[in-house]
Each structure stands twice: as structure tokens, then as C-alpha cells.
Protein chains: 2
Amino acid sequence: MRQAAAPRHAVILAGGAGERFWPASRAARPKPLLRVAGGASLLAATLARARRFAGEGRTWLVCGREHAAAMRSESGLPASRVLVEPERRNTAPAVAWAARHIAARDPGAVLAVLAADHRIDDARAFQAALAKAAAAAVSRGVLVTLGVRPTRPETGYGYIRIGEKVGSPHAGLHRVRRFVEKPAEARARRYVRSGAYLWNAGIFVWTARAILEEIEAHAPELAAATAPLGARSPRGTALARAYRQAPPLSIDHAVLERSRRVWCLPVSFGWSDVGTWRSLAEALGARGGRSAVVAGEVVSVDAPGNLVWGGERLVALLGVEGLAVVDAGDALLVARLDRSDELRRVVAEVRGRGHRDLV
Amino acid sequence: MRQAAAPRHAVILAGGAGERFWPASRAARPKPLLRVAGGASLLAATLARARRFAGEGRTWLVCGREHAAAMRSESGLPASRVLVEPERRNTAPAVAWAARHIAARDPGAVLAVLAADHRIDDARAFQAALAKAAAAAVSRGVLVTLGVRPTRPETGYGYIRIGEKVGSPHAGLHRVRRFVEKPAEARARRYVRSGAYLWNAGIFVWTARAILEEIEAHAPELAAATAPLGARSPRGTALARAYRQAPPLSIDHAVLERSRRVWCLPVSFGWSDVGTWRSLAEALGARGGRSAVVAGEVVSVDAPGNLVWGGERLVALLGVEGLAVVDAGDALLVARLDRSDELRRVVAEVRGRGHRDLV
């Protein structure tokens, strides 16, 4: 059986910045390093999941140069397993590089591709899903994407329209009919009602061989640009050239939306991309009469449904509802949670005033 | 003419605490010391008004023991003109003591009694009102209370129902029909519509002789308790005994509501007792599309009508409206302005958690 023999690797993508968690996150303190998960950073929680799937020696991290030192320090990974991107070019170059790099060392590898900054509630269900996806990826050569059963008409996520069911021994998986962009609210409601649309969580399982074949087939520029990034660690200039030549696309756009070898595994292990203060508040259960306190001491009088990220000083709330209150020591944010997707306007204004140290 | 000869004195009452401005004010940093008036403290602004009426050498301050050092320091008054109360007993003992003390030195004195922590917009109109009130007080021996023409149906103030007009040369003054307690909203609306109800601002003008006569007539216990506080500065034990024996009443309750010698001068010089974050916000013009910033740097995106009192760190607001955001360094408050009269609940909770340094 190929399945049993395929060595499992995990690739953690930690390329994003995190303006959407300002002021807790910023250029020098990116989102994966935020300690939102009971004191552990999002990265540390992701690493624990990755190691459980792949083992310590086969867990990899891809991140940007500006965060490499912090990422290495937080992850404890040896430098040899941290792929440092010379510039940010979205996820497709990162996935391609990691696949080539790992394939050169372990040609039969099956990879789980994970974002460094997601939150997952049910660790056991998550591992079961990865294992099921890996079995299909290894035995059928498919690209498996995890589709999260929606719990609300979220307009901040892309959706996956699933198609026909796959039969035994991969029952539970579906073929993918198409990927859809973030919908408007009315459409999102229809999606949720239909049951045929799942959130595109950006969690993938495939063999190195399969993803490289599909990159070759559907993203030839990316394939050509990253071809030198194979057998040995590329020197700085070769890496920089490869990145400069690679089109800055997401792996979804570059490959998944075009490939006919994509399957989807519906999951419901409690997932959030923790994309905004609002989604963090939801992930932490701030709703109804409850507020969520990530850190700090809070005195709350008639103030339900807030997200508080305190610092050294006491935070007191009176009569307020649905707010993010974030004290980052040198900057303080008070924002309506339902406006938190506009946070970039705030960051732009802070930057525009010349506060480079604060963004 | 007695009027021209009557020496003017000003008595500033600075006895209050200031839980209602937590966390900016607290036991060790009472409200009169808050710098809300363009960098100057409320006390400094009051002193400037007092000196303009009475001159430097006849301006007096009454305050509590726990704040005496800070008050002396902020006011620059010599110790001989700061009357330090041994305990808080509301305003009647303070007024009685000051009147006796000044009368012993300057028997013909006319006194303006001012609160240390009010805000007044039109300084010139204020002085004109005091002069007019003083003329009536001196020539007619009346107790004059300033009544602020209401600009909204405020439920946080007491009202004065004015009666018949006084004739020349004191035209503009009215006799007082009665004092009324803080009304409910519907009643407050009727008061404002009627034009016959004014806000009781707690600003009084009277001769020392007249107020002492009326204390004798209507508050004999207060008169008896404070009788020893006359000619010379009382020793600590005599002062403590006088205060222990004095009933802890407001001068309004003890005398004004009972005296038949009370006149009212309607005024509209822009007044606020700055009693809550909300009233400070209103005094500073935070309404409609405007926020009011007392201190600190604020980045505001679609966030109108807030009051921000920042500190060292940048404050960013997104989409919030009608809030007080107060960063006091060691404590942070986020409160709905229209709930700011409930702030004591917050302070009680902070105290209940043992944070004595914060309250």
C-alpha cells in the first residue's frame, strides 16, 4: 500500500502581516505571534497540530524575511526547516517552493498545508480530517481541500461548492464543483441554507508530486520560476530571482480553481481564520451576555459582547456593547466589532501621521 | 452708598471628591485639579474668576484635609487663606465657617461663593452677573443665587422656580418661589418650556452679615456649632468639634430653601457643573459629528460625538459613537456617555476588587 508508506510532512504558511489585528499585531509583531489561544500564540497552536500530523522532523515553516527571527524563536524550529521568503508573493510561490524543497528530500511525501494563524477548536477531529484527506491524496493523487460546514452566513470567507460524493474507501469526500468568492449577505444566506457550500479554509492535503504536477499544468510561469528551488537550498540571489519571477497569486487562484483533481472534505471541527477582531470575538465566544477577555483585568458593568485585550492597566467598561477594546501598551483601539473589517482605514491614518513605530 | 464701599471676597468651595470622573479623578487627584479647561485645571480657572471679582488678597479656598497640600500647591494661595476642613460635612459648614472667618476680619464683606469645579464659558458675562448680584446683596441684604437658563431638559440638576421681578435699580433679578429637586425627564421638559425654572448652579452672592443672620434664623444648630469659628483661627480640636457638631447639610437645604430673603439672578454665560463625563462632553462641544479631545492624540474613523481623554499612548476609534474613552495611565475607562451617571458602580467594583491605588 502506498498510503501506509507515504511520509507525512506539514507546511505552515506564516507569510501574512496582520494589519487587521492592529494594534495588537503590527509589522514587527505579526498575527501568528499573537497569544490569543489561552496564552499560546496562534503559531504555537498550529505547530502543535502540525507536529501531531507530521512529527517533529517533518514540520516546516514558510515566512517572510522581516519576521524570520521572531518566527524561528517562537517556533523553535531549526533554521533548516524555516523557508524564508525574500518577499511576499501570496501563497502560490510559498506552496511551490515548499513542495519542491520537500520533494527533493522525500519524493513520496504527502503534505498538509496549514495557515499559521487559524484557530481550531477540536484537535482530535482536525487530526482525523487530515488523516482521511491524506489517505485520499496518497491513494488517488488528488488535491484535497478542507471545507468547513458554515455556521453563519459569513461574507468574509470564500466558499466551495461541492459536487458528487466520492465512494468507498474515501466516503465523506466530495468532488469540487467550483470555488466562489466572498459573497454578499443574501447570497451567503442561500449558501448556508443549501448545505452544498462550505467555507474555503485554506487547509490543503496533497502529495508533493500531485501539487507539482498541477502547478506545471495550470501555472506554468510559477513552475518555471520555482524550478531552480529544488534539490538544494538556493543561494540568496537565485531565491530572490525565483520570487521576482513568480506571479503573486494565491494557490487557490493559480491551481485549485483550475485543476480537475480537487476533492473536498467537509469538516466541522470549529474553525476560524481569526481574520478580524470580530471573528476573534466570535471564536472566543463573545456574544449575548458574555464578553471575551484575551488578556488583562476587566471590570464590566452592563457591558456584554465585547472583546477586551488588556495590558498592564485595568480596563473598565460601562454600558458598552459589541466593542473591541485593545490596549497594546503604546496604542489603544476602541472599535465596533461589526466595523472591524474597516480597521485598515485606522492603520492607514496612523501610518499617515508618521507613527511608523506603531504600525 | 454702602455698595461702593463693600469689600468683595470670593470663597471657593473645593470639598468634593470626584468619583464621577474616574479614572481621571480619584481620592488623591480630586476633580478641581483635573486639567480640562485648555490645559488649566478647573480650580485654576475658578481662581482666575474669583480674583477678578475679589482681588488677590480676598480670595479664599475651603477644602478637605486630604487634599489641602495639593490644593495649596495648585492654587498658590497662602495657607492663611485656605480653610482646611477636618472632615467632609457638605457645604453648609464650609459656608458658615468662611462667612464667620471673613466677617471677623472684614465685617462689611460681600462674598461670592463659587464651586471649584464648574466650567464657565463667558468670563465677562460671569463677572457682570456677580457685580449685579453683589449690588443687590449689599444694598438690600438679600441672598442672591445665580440661576442658569436651561438649554436642555437636564435631570441631573436642581431647579429654581423664580417668582416676581424685582424693580429698579435691581431689574433683572427675581424673587425665588421655590427650589425643586432634580426632576424626572418629563418634568424637566416642562420646566424648560415654562421659562420660569432655572438651573440651580450653586453660585451665591451675599454679605457675610446676611448669610450669618439667615443661618442663625434657619439653621440654629449650624450657627451654634460654628459660633467658635470667628475672630481667630481655631485650634485643631475646636475646629474638629465644630465640624462634628455641625449638621452635614448643603447650604441650599439648611438656609436657602427656608429663607425669605433669597433672590435669583437669571444668567446664561455658558455653565456646567462638569458633574459627569457626559456633562464634560457637552461642555466641550462633543456632539453631532464632533468628538472632544481633552488630552492625547486621537485617530478617529467614523467615530463622532465621543469624549477622549488620552494619555501617553495613541487612541484610535473606529465606528464608535457617544463614548467616554479615558486613559489614566494605570486604568482605562470605556463608557457610554449617556450612562456616565452610573460610573459609581464601576468605581465600587474596582474598589471591591481591592485596587485601592486606583480609586
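Residues numbered from 1 in each chain as written. Chains lettered and ligands numbered in written order. Predicted model: local features only at pLDDT ≥ 70, side-chain atom pairs only at ≥ 80, totals over all residues.

### Thoughts on the overall build of chain A
Thought 1: For chain A, the helix and strand inventory stands at twelve helices and 17 strands.
Thought 2: The globule rule puts the C-alpha radius of gyration for 359 residues at 21 Å, and the 21 Å found for chain A is close to it.
Thought 3: Taken over the C-alpha atoms alone, chain A extends approximately 60 × 50 × 35 Å along its principal axes.
Thought 4: Counting across all 359 residues of chain A, residues that qualify as buried make up 53%.
Thought 5: Residue pairs at least 24 apart in sequence account for 64% of intrachain contacts in chain A once pairs closer than 6 positions are excluded. (Helix = DSSP H or I, 4+ residues; strand = E, 2+ residues; numbered from the N terminus. Rg over C-alpha atoms; globule rule 2.2 N^0.38 Å. Buried ≥ 20, exposed ≤ 12 C-beta atoms within 10 Å, placed from the backbone. Contact = placed C-beta atoms within 7 Å.)

### Regarding the interface of chain B and chain A
Thought 1: Between chain B and chain A, the residue contacts involve 30 residues of the former and 30 residues of the latter.
Thought 2: Of all elements in the fold, only strand 13 (298-301), strand 15 (314-318), strand 16 (323-327), strand 17 (331-336) and helix 12 (343-352) of chain B reach the threshold of two or more residues within the side of chain B that touches chain A.
Thought 3: Per element, the largest residue contribution to the side of chain B that touches chain A is six residues, and it comes from strand 17 of chain B.
Thought 4: Across five bridges, strand 17 (residues 331-336) of chain A lies against strand 15 of chain B in parallel orientation. Residue pairing for strand 15 of chain B: Val334 of chain A is matched across the bridge by Leu317 of chain B. (Pairing = 2+ DSSP bridges.)

### Topic: the relation of the copies chain B and chain A
Related by rotation about an axis and a shift along that axis, the two copies of the chain form a pair.
Thought 1: Expressed as a screw operation, the relation of chain B to chain A combines 0.1 Å of axial shift with a rotation of 180°, fitting to an RMSD of 0.1 Å. In short, the pair behaves as if placed about a two-fold rotation axis. Nearest to the rotation axis, the C-alpha of Val334 of chain B is located 4.1 Å from it, this being the minimum over chain B.
Thought 2: Mapped onto chain A, 100% of the interface residues of chain B are again interface residues, and the two copies thus contact each other with one and the same surface. (Least-squares fit on C-alpha atoms with pLDDT ≥ 70 in both.)

### Brief notes about the sheet that holds strand 13 of chain B
Thought 1: Pairing is mixed in the open sheet, where six strands are placed in the order 12(A)-14(A)-16(A)-17(A)-15(B)-13(B). For this open sheet the edge positions go to strand 12 (292-295) of chain A together with strand 13 of chain B, each flanked by a neighbour on one side alone. Along the sheet, successive strands turn relative to each other by an average axial angle of 10°, direction set aside.
Thought 2: Of the strand pairs in this sheet, strand 13 of chain B and strand 15 of chain B are connected by four bridges, and their pairing is parallel. Bridge pairing in strand 15 of chain B links Val301 of chain B to Leu318 of chain B.
Thought 3: Relative to strand 13 of chain B, helix 12 (residues 343-352) of chain A is tilted by about 145°, and along the sheet it contacts strand 17 of chain A together with strand 13 and strand 15 of chain B. (Axes fitted to C-alpha atoms, helices over the stretch in contact; angles between N-to-C directions.)

### Some thoughts on the domain arrangement of chain A
Residues and elements named next belong to chain A.
Thought 1: Per the domain assignment, the segments of chain A are domain 1 (2-272) and domain 2 (277-358).
Thought 2: Distance from the C-alpha centre of domain 1 to the C-alpha centre of domain 2: 29 Å.
Thought 3: Between domain 1 and domain 2, the contact holds eleven residues from the first and 17 residues from the second.
Thought 4: Residue composition of the side of domain 1 that touches domain 2, grouped by class: five nonpolar, two polar and four charged. (Domains from an automatic or database assignment. Nonpolar A, V, L, I, M, F, W, Y, C, P; charged D, E, K, R; others polar.)

### Describing the packing of helix 4 (residues 91-105) of chain A against helix 7 (residues 208-218) of chain A
All names here are of chain A.
Thought 1: At a minimum axis distance of 9 Å, the contact between helix 4 and helix 7 shows a crossing angle of 130°. Taken together, the axes of helix 4 and helix 7 lie oblique to each other. You can see that helix 4 and helix 7 cross each other, and the crossing is left-handed. Residues Val95, Ala96, Ala99, Arg100, Ile102 and Ala103 of helix 4 form the contact with helix 7, whose participating residues are Ala208, Arg209, Ile211, Leu212 and Ile215.
Thought 2: Each residue belonging to the contact of helix 4 with helix 7 can be placed in one class, and the counts come to nine nonpolar, no polar and two charged. (Parallel < 35°, antiparallel > 145°, perpendicular 65-115°, else oblique. Left-handed = near helix turned anticlockwise from the far one by under 90°.)

### What about the pairing of strand 9 (residues 197-207) of chain B?
All names here are of chain B.
Thought 1: Of all eleven residues making up strand 9, eleven are buried, and the element is well covered by its neighbours.
Thought 2: Two elements, strand 4 (residues 110-115) and strand 9, share four bridges in a ladder whose sense is antiparallel. By the bridge assignment for strand 9, Val113 is matched with Phe204.
Thought 3: Alignment of strand 6 (residues 143-148) against strand 9, held across four bridges, turns out to be antiparallel. Within strand 9, the residue paired with Val148 across the bridge is Trp199.

### A few points about the environment of Ala50 of chain B
Residue and element names in this part refer to chain B.
Thought 1: Mapped onto the elements, Ala50 comes out in helix 2 (residues 42-54).
Thought 2: Classification of Ala50 by C-beta neighbours within 10 Å gives buried; the count is 26.
Thought 3: Here the alpha-carbon distance between Ala50 and Pro153, two residues 103 residues apart in the chain, equals 29 Å.

### Concerning the environment of Arg149 of chain B
Residues and elements named next belong to chain B.
Thought 1: Inspection of the secondary structure assignment puts Arg149 in the loop between strand 6 and strand 7 (159-165).
Thought 2: Of the residues examined, Arg149 has 14 C-beta atoms within 10 Å and is grouped as partly exposed.
Thought 3: In the structure, Arg149 is positioned 180 residues away from Gly329 in sequence and 38 Å away in space, judged by C-alpha atoms.
Thought 4: For Arg149, the residues in contact, after removing those within four places along its chain, are Leu198, Pro266 and Ser268.

### Describing the sheet that holds strand 15 (residues 314-318) of chain A
Thought 1: If you walk across this open sheet you meet the six strands as 13(A)-15(A)-17(B)-16(B)-14(B)-12(B), and the pairing is mixed. Two strands in the sheet have a free side with no partner beyond their single neighbour: strand 13 (298-301) of chain A together with strand 12 (292-295) of chain B. Each neighbouring strand pair of the sheet contributes to a mean axis angle of 10°, computed without reference to strand direction.
Thought 2: Helix 12 of chain B rests against strand 13 and strand 15 of chain A together with strand 17 of chain B of the sheet, and its axis sits at about 145° to strand 13 of chain A.

### Describing the environment of Glu257 of chain A
Residue and element names in this part refer to chain A.
Thought 1: Relative to the helices and strands, Glu257 is located in the loop between helix 10 (251-256) and strand 10 (262-267).
Thought 2: Spatially, the C-alpha atom of Glu257 lies 23 Å from that of Arg189, the residues being 68 residues apart in sequence.
Thought 3: Apart from the residues lying within four places of it in its own chain, the contact partners of Glu257 are Phe179 and Asp252.

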